[in-house]
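Architecture and fold: a report
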Amino acid sequence: MSFTIEQLHLGQKDHFEKTFSNSDVMLFAEISGDRNPVHINDIAAKNSVFGQRVVHGAFVLSTISALLGEKLPGEGTIYLGQESKFIAPVFIGDTVIATCEVVELIKEKNIVKLHCTLVNQDGNVVAEGKATVMPPKFQHS
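This write-up is about the structure you can find in this document. Since the structure is predicted, the reported quantities are computational estimates derived from the model, not experimental observations.

Considering unusual backbone geometry
Following leucine 72, the chain continues into proline 73 via a peptide bond in cis, with omega recorded as 0°. Here proline 73 is to be found in the loop between α4 (57-70) and β2 (78-86). The residue asparagine 110 is not glycine, and still its phi comes out positive at about 55°. Mapped onto the elements of the fold, asparagine 110 is located in the loop between β3 (95-106) and β4 (111-120). The buried category is assigned to asparagine 110, whose relative accessible area is 7%.

Below, the structure written as C-alpha cells:
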C-alpha cells in the first residue's frame, strides 16, 4: 500500500514497532562495521555512561525508514533526508514505536515532510526529528 501526494493530508500518521534483540544488534554491528564496545561488549558498556549495552542510534532510526517505505507514504517512497535528535538510549530488548505525522505538503515539488517521534515500551521519547520524502507518483497496492 502507498499514498501519492494527492492522497496525503496534514495530520495523517502511522507507526512501526520493533523490538531490538541481542542478535539484531550484533548483526547490525557486522553489517555497518560499527563495533563500538558500548554496543557489543557487556563489560565495556557496564563502565559507560549508559551502564549497559545500547542499540546503535542509526539502527534505532532505521525504524523510521521502515515506516516511510512500508506504510506512510509507503512503497515507492524516496527518502530524501532526516534531521534527528537522540533523547534517551535504547537498550537490548527494548521495543521502539516510530510514529511519523505529515506536517507539510509541497505538492508542486512532490515533497512531504513528516514529524517523527520514537518512543520506547515505557512511553519515553528516545528520539525525534523530521523526515523529508518524495511519495510515489502512483499508488501501489
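Remarks on the pairing of strand β5 (residues 125-134)
Strand direction decides the pairing type here: β2 and β5, joined by eight bridges, are antiparallel. For glutamine 82, the partnering residue across the bridge sits in β5 and is alanine 131. Hairpin geometry of β4 and β5 is characterised by an intervening segment of four residues between the two adjacent antiparallel strands and by a positive phi of about 85° at glycine 123.

Remarks on the sheet that holds β3
Taken in spatial order, the five strands make up an open sheet running β1-β3-β4-β5-β2, and their pairing is antiparallel. At either margin of the open sheet sits one strand with a lone partner, and together these are β1 (13-19) and β2. Within the sheet, the average angular offset between the axes of one strand and its neighbour, ignoring direction, is 20°. Contacts between α4 and the sheet are confined to β1, β2, β3, β4 and β5, with β3 contributing the most and set at about 55° to the helix.

How each quantity is defined
- Here, residues in each chain are numbered from 1, in the same order as that chain's written sequence.
- Note on the predicted model: pLDDT of at least 70 is required for a residue's local features to be given, and 80 or more for side-chain atom pairs to be given and counted; whole-chain, interface and lining totals, by contrast, use all residues.
- With hydrogens and water stripped out, all remaining heavy atoms of the structure feed into the side-chain values.
- Elements are defined by DSSP. Helices are runs of H or I of four residues or more, strands are runs of E of two residues or more, and each kind is numbered from the N terminus.
- Here the term buried applies to any residue with accessible area under 20% of the maximum for its type, exposed to any over 50%, and partly exposed to those in between, with areas from a 1.4 Å probe on protein chains only.
- Whether two strands pair comes down to DSSP finding at least two bridges between them.
- Interaxial angles span 0 to 180 degrees and are taken between N-to-C directions of axes, which are lines fitted to C-alpha atoms, for helices over the stretch in contact.
- Whether two residues are in contact is decided by their heavy atoms, any of which lying within 4.5 Å being enough.

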